[in-house]
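Each chain, written out:
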Amino acid sequence: MKNTAFINNTEYAFDEGETILKFVHRIEQQNIIPTLCDAPNLDPFGSCRVCSVEVALEKNGKAKTMAACHTPVAPGQYIYPSTEAIKKLRKNIIELVLTDHPLDCLTCEVNGNCELQTVAASVGIREVRYPEGENHLDKAKDLSHPYMTSDLSKCINCYRCVRACDEVQGEFILSMAGRGFDTKIIKGTDSSFMESDCVSCGACSQACPTSAISDIFQSKAIGATEKTRTVCTYCGVGCNLEVATNNGEILSIQAPYDAEANGGHTCLKGRYAFKFYNHPDRLRTPLIKRNGKFEEASWDEAYDHIVSELNRIKADNGPDAIAGISSARTPNEENYLMQKFIRAVVGTNNIDCCARVCHSPTALGMQRSFGTGAATNSIEDIEHAQFILIIGANPTDAHPVTGAKIKQRMMKGVPSIVIDPRKIEVAKYATFHLQLTPGTNVALLNMMLYYIITENAEDASFIDNRTEGYEEFKSEILKLDMDDLAKVTGVDKTLVKEAALAYAASSAAMEFHGLGVTEHLQGTFTVQLIADLVMITGNIGKKGAGLNPLRGQNNVQGAADMGAQPHQGAGYMDVTDPEINNKYNTFYGSDEVPLHIGYKIPEMFDAAIAGDLKALWIIGEDVVQTDPNTNKVRKAMDQLELLVVQELFMTETAKHATVVLPGASFLEKEGTFTNGERRIQRVNKVVEPIKGSKSDGQIIVDVMNRMGYEQEDYTAAGVLEEISQIVPFFKGVKWEELGDNGKQWPVLEDGSDTQMLHIEEFQRGKGKFQYHDYKKSNEVERHEKDFPYIITTNRELEHYNCGAMTRRTGNVDILTEDVLLIHPEDARKERISDGDFVCVESPRGKVDIKAVLTDEMKPGILSSTFHFPEVMLNIITSDEHCTEAMCPEYKVVSCRIRKSKGKAKILAQEMDEERVS
Ligand code: SF4
């Protein structure tokens with residue numbers, strides 16, 4: 001039978017599986033069927049029946065009334081969308097809804113943007129014919145939460161909020177309770193937003209067609225005069241945001257439904273944590289430190305001071321006495337300019353960025369195995385994955401929108417492995433949770449590879465056709481003793497075997513990893529072994545598969561792409577290659593770019609302490625709070641003759657600066673961010689930079705010009721054009737052609753982009769198998785006797801990195817402090833109770849932090865975050881690092897614990913008393 005059906009007796013072709021609603025709206029090119037319970041990012045539901053249409057099996061034949069939103073079109077159907085009977089039915093439904101709805105449109109926050117109001121008008125309601133009866137108009141409002149509100153007197157029981165919580169976020173906080181007329185929306189076990197386990201993503205608020213669930217920013221009100229599309233500044237998911245403004249002030253943020261990265265969803269950081277942008281703490285004037293005190297300065301004074309100091313230091317000590325740390329929070333164009341300034345104007349390769357302390361091992365490991373250090377597949381592929389492997393990543397906290405997608409697939413029964421020392425949220429849904437001891441990733445992956453080989457579960461044809469080095473690799477793996485490695489990892493070998501064989505048997509297994517892979521002594525080797533695992537099973541170069549690092553900061557991919565690293569310039573070209581050196585010098589019109597590799601961040605600190613590094617310029621990075629071994633970092637900062645910090649706030653690092661420059665936030669500037677799936681997206685300026693601040697790109701340009709290098713004033717389009725001429729995989733990127741959803745690199749000259757890498761062959765030709773032996777962490781080897789616990793650091797959903805931005809938003813009312821996660825058995829042993837302050841001591845120092853008892857941890861393993869300077873957890877972390885990429889080993893810190901005494905205890909009591917009052 002032909003796939004055609006009739007709308008008002010005219011025949012049209014329909015798409016397989018298309019609903020009547022979608023079919024009619026596609027053909028009519030307008031939304032002629034009204035809906036209430038339907039929403040663009042939710043499954044069809046068929047509850048409100050407002051979308052009812054008449055359907056007959058023959059022309060003008062006997063018709064049945066059907067809900068268009070969830071009824072698929074069938075061949076030969078005759079659909080009549082707006083008969084008189086249907087119009088009457090729709091009007092009657094809405095009238096009944098309105099009998100239990102306050103008719104206070106004129107004072108309602110969504111007046112003019114209420115879907116119920118619009119539908120009521122479209123079906124021609126002027127008055128409600130029914131007399132007043134029982135209703136729910138006296139329902140109390142829920143104002144418990146810093147962002148979310150509810151006024152259920154406005155609820156029309158469409159279930160959109162409940163479905164958004166289930167289908168989009170996968171949280172199941174909202175549900176319907178009661179029967180018949182008493183049916184109502186509840187949060188948790190009928191509590192408030194704040195008391196429930198709500199993750200504050202706002203999906204329910206965006207889904208609600210009225211103001212029954214809303215937010216403090218009244219994001220559905222029509223107060224905005226302008227809406228600007230931009231990209232979130234927090235994590236590497238790269239969610240598209242639609243920002244509403246009025247008279248240059250930001251009112252609210254919503255998630256566009258057509259965004260490819262996030263499809264109408266965000267987490268609470270993207271949607272709600274924007275009020276930092278005009279916080280009173282924003283830096284509003286340059287500062288110069290004189291006699292140990294900051295003094296306000298004009299931009300000219302600040303520039304003159306910086307330029308004369310840089311020139312003096314360069315003349316006295318050479319260019320390698322100067323270094324820069326660029327920012328993964330700023331756009332590609334600003335990163336490009338910063339590395340260009342350091343290389344072509346200062347004349348050194350001493351440029352790095354925070355990729356050093358997060359995914360530098362990923363970039364290096366993947367480059368060694370495949371030739372390219374970036375995610376092989378797209379976020380969209382999660383829908384096609386038949387198996388999910390998560391290693392050292394906590395996606396529902398650290399990459400919430402992608403995390404929600406992964407979790408949804410796991411909840412739908414897609415088999416999975418989670419390799420993590422903690423029982424993180426996704427571990428609860430995993431088929432296999434391999435809860436290993438921190439620092440033993442290499443041993444565990446070698447076990448998986450051993451079982452795949454010994455059980456003949458490898459993909460021989462992929463290995464033969466696409467890879468090299470396999471036989472040598474295999475012979476090393478076969479020498480391993482599984483009992484030894486099981487002991488090292490703390491994971492039962494039969495469980496590892498079962499998990500490995502399940503992964504190998506899948507037709508499309510998608511791998512994700514995070515900092516639990518990279519922030520180790522053997523970070524790069526772990527990445528290479530993951531690449532081995534992917535290649536040995538042929539899980540690359542196809543949909544729903546691949547090796548996919550979950551990138552931490554919003555533009556950490558872009559910062560590295562742009563050359564903010566000491567060994568590779570813009571476009572990952574080797575700075576020690578004379579031909580490349582010549583290419584960069586010619587392109588930049590300079591003869592300053594040197595041929596030797598510059599300092600990586602940890603080397604910058606060492607060089608500062610040794611007196612070899614005299615000047616450091618840091619953009620948007622709080623190294624004192626976030627880099628390991630705080631006291632050493634502080635010492636390095638204080639040894640410098642010139643420390644320029646370009647920032648939004650007076651961070652812990654800025655306090656050590658000699659010059660502070662007030663930069664602009666992502667909402668105040670333009671450029672592009674590249675997300676974790678290589679998607680280059682436009683960051684559009686929403687408001688002007690706050691008075692006294694400047695866009696970071698313009699600040700760099702100003703100094704370049706003052707140091708004698710002619711660089712045009714900053715525009716995103718202009719710098720992007722320059723980038724496209726030097727970065728090979730940006731060749732076809734043009735500002736005006738990026739559209740709303742951007743393009744995934746490599747972008748060819750004709751503008752076409754790339755959703756998946758390594759389809760026919762790897763970037764380096766053949767994929768390279770490489771074996772690496774497990775080595776015990778130096779930290780544990782040296783200190784386990786005196787410091788028997790291991791503390792591993794993590795990240796919380798509500799805060800971001802040093803928290804400078806999120807702590808200046810309502811997020812700080814949701815998560816108020818860093819805490820120490822400790823297993824009840826360890827707590828008993830150390831006589832620590834839940835809520836006690838604990839002194840955690842490592843070979844570097846000690847901190848006091850509140851204990852939370854949880855069996856999320858293994859005995860002997862502790863965990864915490866470093867979002868709050870009050871705790872300053874990095875005082876105890878070690879500056880041991882990955883042997884290859886110099887990424888610090890944040891995940892394995894030897895320590896001992898005891899109940900706090902003295903000052904910390906008093907502090908804890910004071911804080912508790914303050915909270916109670
Ligand atoms: Fe999306 Fe990440 Fe921003 Fe949350 S923090 S809105 S997941 S980009």
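Shown above is the structure to which this text applies.
Residues numbered from 1 in each chain as written. Predicted model: local features only at pLDDT ≥ 70, side-chain atom pairs only at ≥ 80, totals over all residues. Heavy atoms only, no water.

**Remarks on the site of the ligand**
Item 1. Inspection of the region around the ligand gives Cys232, Tyr234, Cys235, Val237, Gly238, Cys239, Thr266, Cys267, Lys269, Gly270, Pro400 and Val401 as its neighbouring residues.
Item 2. Elements with a minimum of two residues in the shell around the ligand: α6 (268–272) and α11 (400–411).
Item 3. Taken together, the residues that form the shell around the ligand break down as eight nonpolar, three polar and one charged. (Near = heavy atom within 4 Å. Helix = DSSP H or I, 4+ residues; strand = E, 2+ residues; numbered from the N terminus. Nonpolar A, V, L, I, M, F, W, Y, C, P; charged D, E, K, R; others polar.)

**Describing the pairing of strand β18 (residues 387–391)**
Item 1. Counted residue by residue, β18 has five buried out of five residues, so it is predominantly covered.
Item 2. Side chains Phe387, Leu389 and Ile391 of β18 all project onto a buried face; the interleaved residues Ile388 and Ile390 project onto the opposite face, where all are buried too.
Item 3. Inspection of the sheet shows β18 paired to strand β22 (residues 509–513) by five bridges, in the parallel sense. Each bridged residue has a counterpart across the sheet, and for Ile390 the counterpart in β22 is Phe512.
Item 4. Relative to strand β19 (residues 416–419), β18 runs parallel, the two sharing four bridges. Along β19, the bridge assignment pairs Ile390 with Val418. (Buried < 20%, exposed > 50% of the residue type's maximum accessible area, 1.4 Å probe, protein only. Pairing = 2+ DSSP bridges.)

**Focus on the sheet that holds β18**
Item 1. Ordered in space as β20-β19-β18-β22-β23, the five strands form an open sheet in which the pairing is parallel. Of all the strands in the sheet, just β20 (432–434) and β23 (547–549) have a single pairing partner and so form its edges. Ignoring which end each strand starts from, the neighbouring axes of this sheet average 15° apart.
Item 2. Where α11 meets the sheet, its contacts fall on β18, β19 and β22, and the angle it forms with β18 comes to roughly 130°.
Item 3. On top of the sheet, helix α16 (residues 493–505) reaches β18, β19, β20 and β22; it is set at about 125° to β20, its chief contact. (Axes fitted to C-alpha atoms, helices over the stretch in contact; angles between N-to-C directions. Contact = heavy atoms within 4.5 Å.)

**Observations regarding the nonpolar core**
One recurring pattern in soluble globular proteins is that nonpolar side chains are buried together.
Item 1. Of all hydrophobic cores here, the largest spans 112 residues; its most connected members are Phe341, Trp617, Met637, Phe730 and Val840.
Item 2. Considering each element in turn, this core owes the most residues, eight residues, to helix α8 (residues 332–346).
Item 3. When near neighbours in sequence (up to four residues on either side) are disregarded, Val840 contacts Ile791, Leu820, Gly845, Lys846, Val847, Ile849, Ile876, Cys895, Arg896 and Ile897. (Core = buried A, V, L, I, M, F, W, Y, C linked by side-chain atoms within 4.5 Å.)

**Some thoughts on the side chain of Thr440**
Item 1. Summarising the element assignment, Thr440 is placed in the loop between β20 and α12 (441–454).
Item 2. For Thr440, a relative accessible area of 3% translates into the label buried.

**Re helix α7 (residues 299–317)**
Item 1. Compared with an ideal rise of 1.5 Å per residue, which puts 19 residues at 27 Å, α7 spans 26 Å between its outermost C-alpha atoms and is within 8% of the ideal.
Item 2. When α7 is considered as a whole, its buried residues turn out to be Trp299, Ala302, Tyr303, Ile306, Val307, Glu309, Leu310 and Ile313. Projection of α7 onto a plane perpendicular to its axis shows the buried side chains occupying an angular sector of 165°, all on one side. Those residues of α7 that are exposed and angled more than 90 degrees off the buried face are Ala315 and Asp316.
Item 3. In the stretch just after α7, Gly318 is the one whose phi turns positive, near 90°. (Expected span 1.5 Å × (residues − 1). Arc of directions from axis to C-beta.)

**Observations concerning the sheet that holds strand β27 (residues 671–674)**
Item 1. With antiparallel pairing, the three strands of this open sheet are ordered in space as β27-β28-β29. The two strands at the open ends of the sheet, each matched to only one other strand, are β27 and β29 (743–744).
Item 2. Pairing of β27 with strand β28 (residues 679–683), which is carried by four bridges, proceeds in the antiparallel orientation. Residue pairing across strands places Thr672 opposite Arg682, the latter belonging to β28.
Item 3. Where α8 meets the sheet, it contacts β27 and β28, and its direction lies at approximately 95° from that of β27.

**With respect to the pairing of strand β9 (residues 184–187)**
Item 1. When strand β8 (residues 174–177) meets β9, the two strands line up antiparallel, connected through four bridges. If you follow Leu174 over to β9, its bridge partner there is Lys187.
Item 2. Remark: six residues form the turn of the hairpin made by β8 and β9, two consecutive strands paired antiparallel; Gly178 in that turn has positive phi of roughly 85°.

**Brief notes about the packing of aromatic side chains**
For any pair of aromatic rings, geometry is given as the distance between the ring centres together with the angle between the planes.
Item 1. Within this structure, the stated rule accounts for 25 aromatic pairs.
Item 2. Judged by centre distance (5.8 Å) and plane angle (65°), the ring pair of Phe729 and Phe730 falls under edge-to-face.
Item 3. On the basis of relative accessible area, Phe729 is assigned to the buried category, the value being 11%.
Item 4. Within the aromatic cluster, the residues linked to one another by ring pairs are Tyr147, Phe217, Tyr272 and Phe274.
Item 5. In this arrangement the basic side chain of Arg466 is found over the ring face of Phe762, its NZ or CZ atom lying 4.6 Å from the centre. (Phe/Tyr/Trp six-rings, centres within 6.5 Å; stacked < 30°, edge-to-face > 60°. Lys NZ or Arg CZ within 6 Å of the ring centre and 35° of its normal.)

**A few points about the packing of α8 against helix α25 (residues 716–726)**
Item 1. Packing of α8 against α25 leaves a shortest axis separation of 9 Å and a crossing angle of 65°. Crossing handedness for the pair α8 and α25: left-handed. Of α25, the residues touching α8 (which contributes Asn332, Glu333, Tyr336, Leu337 and Lys340) are Ala716, Val719, Leu720, Glu722, Ile723 and Ile726.
Item 2. In terms of residue class, the contact of α8 with α25 is made up of seven nonpolar, one polar and three charged. (Left-handed = near helix turned anticlockwise from the far one by under 90°.)

**A short note on the state of the cysteines**
Item 1. Under the counting rule described, the total for this entry stands at zero disulfides.
Item 2. Residue Cys201 stays outside any disulfide, its sulfur separated by 6.3 Å from that of Cys204, the closest cysteine.
Item 3. Note on Cys353: no disulfide assigned, nearest cysteine sulfur contributed by Cys354 at a separation of 5.5 Å.
Item 4. Classification of Cys353 by relative accessible area gives buried; the value is 1%. (Disulfide = S-S within 2.5 Å.)

**A closer look at the pattern of salt bridges**
Item 1. A complete count under the given rule lists 51 salt bridges for this structure.
Item 2. Measuring nitrogen to oxygen at the nearest pair gives 3.4 Å for the salt bridge that ties Lys87 to Glu84. Residue Lys87 and its partner Glu84 are located together in helix α2 (residues 84–98), separated by three residues, close to a single helical turn.
Item 3. What makes Lys87 partly exposed here is its relative accessible area of 42%.
Item 4. What makes Glu84 exposed here is its relative accessible area of 58%.
Item 5. Here Glu455 and Lys497 are joined by a salt bridge, their closest N and O atoms 3.4 Å apart. On the criterion of sequence distance, the pair formed by Glu455 in the loop between α12 and α13 (460–466) and Lys497 in helix α16 is long-range, its members being 42 residues apart.
Item 6. Overall, the relative accessible area of 39% leaves Glu455 in the partly exposed class. (Salt bridge = Lys/Arg side-chain N within 4 Å of Asp/Glu carboxyl O.)

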